[in-house]
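So you can see what is in the structure, the chains are spelled out below.
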Amino acid sequence: MQDDALLERSLRTAAAMRDQVVVVRLDAAAVASAELEPIAAKLALLRSLDLRLIVVLDADRNGQAEPHAHRLTSAIARHGQRAVGLSSAGIVSVSAATPALPEDAAARLTPTVDPLLLVHLCMLRYIPLLYLPILDESGATVDCPADDVAAAVGKYLGASMLVFLRHERPLTPPTLAEACFQPIRVAATTAGESLLTTILHTS
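Everything numeric in this text was worked out from a predicted model, so none of it was measured.

1. Comments concerning the packing of aromatic side chains
Here is step 1 of the chain: All told, the structure shown has zero aromatic pairs when counted by the stated rule.
Here is step 2 of the chain: Against the face of Tyr126 rests Arg82, its NZ or CZ located 4.2 Å from the ring centre.

2. Things to note about the nonpolar core
Here is step 1 of the chain: Grouped together as the largest cluster of nonpolar side chains are 33 residues, with contacts concentrated most on Val22, Leu26, Leu43, Leu72, Ile76 and Ile199.
Here is step 2 of the chain: At the level of elements, strand 1 (21–26), helix 2 (28–31), helix 3 (36–48), strand 2 (52–57), helix 4 (66–78), strand 6 (126–131), strand 9 (161–166) and helix 7 (195–200) are the ones that each hand at least two residues to this core.
Here is step 3 of the chain: If you tally residues by element for this core, the top one is helix 3, at six residues.
Here is step 4 of the chain: Residue contacts for Ile76: discarding those within four places in its chain leaves Ala40, Leu43, Ala44, Gln81, Arg82, Ala83, Ile127 and Leu129.
Here is step 5 of the chain: Core analysis: the second largest hydrophobic core is formed by 27 residues, Val23, Val92, Leu132 and Phe164 among them.

3. Some points on helix 3
Here is step 1 of the chain: The end-to-end C-alpha distance of helix 3 is 18 Å, a good match for the 18 Å that 13 residues give at a rise of 1.5 Å each.
Here is step 2 of the chain: Considered for burial, the residues of helix 3 that qualify are Leu36, Ile39, Ala40, Leu43, Ala44, Leu46 and Arg47. When helix 3 is viewed along its axis, its buried side chains cluster within an angular range of 165° and face the same direction.
Here is step 3 of the chain: Positive phi shows up at Asp50, right after helix 3, with a value of about 70°.

Conventions and cut-offs
- Residues numbered from 1 in each chain as written.
- Predicted model: local features only at pLDDT ≥ 70, side-chain atom pairs only at ≥ 80, totals over all residues.
- Heavy atoms only, no water.
- Phe/Tyr/Trp six-rings, centres within 6.5 Å; stacked < 30°, edge-to-face > 60°.
- Lys NZ or Arg CZ within 6 Å of the ring centre and 35° of its normal.
- Core = buried A, V, L, I, M, F, W, Y, C linked by side-chain atoms within 4.5 Å.
- Buried < 20%, exposed > 50% of the residue type's maximum accessible area, 1.4 Å probe, protein only.
- Helix = DSSP H or I, 4+ residues; strand = E, 2+ residues; numbered from the N terminus.
- Contact = heavy atoms within 4.5 Å.
- Expected span 1.5 Å × (residues − 1).
- Arc of directions from axis to C-beta.

As structure tokens, this is what we get:
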């Protein structure tokens, strides 16, 4: 009976979230591990339930994310759904924000997102995999955290939820002012926390 109640609640949540945007910020380390197939299977299942997923994939320790995006795209295809890897260049740009206080040593970079391509891909039932790093006009890497990029994507696309799927759970949830109006979920793949549970088993 308890399993039936849990299943019913999950299905009701999925129905309520149909055609809503959910942004998933994903660690490259998770894609580069044995967690790849389970993550791809769950992303594909959520897409089949008509959630409009957008994945923001951070760069690994070597500053690379594109190869991980290709691996995840292929894995999602094996589970019957379509994904496409997109460089953040041309979609995400950054500008230096005015420091909140005169003594602030560094101005925070604020991402701006052009949502048009992401919206159209979601409408065509693709899962956009937006990978970092961000590049400036000269092609140089811009040091902007994946957390902030995911929050900006959520903001510009009116996401109903932001999910931070870590390889390992951080000590504290991300503090993102841009996403304060959205539910934020944090999960760790190494802790056996399921993407489905994180999104659908909401209270």
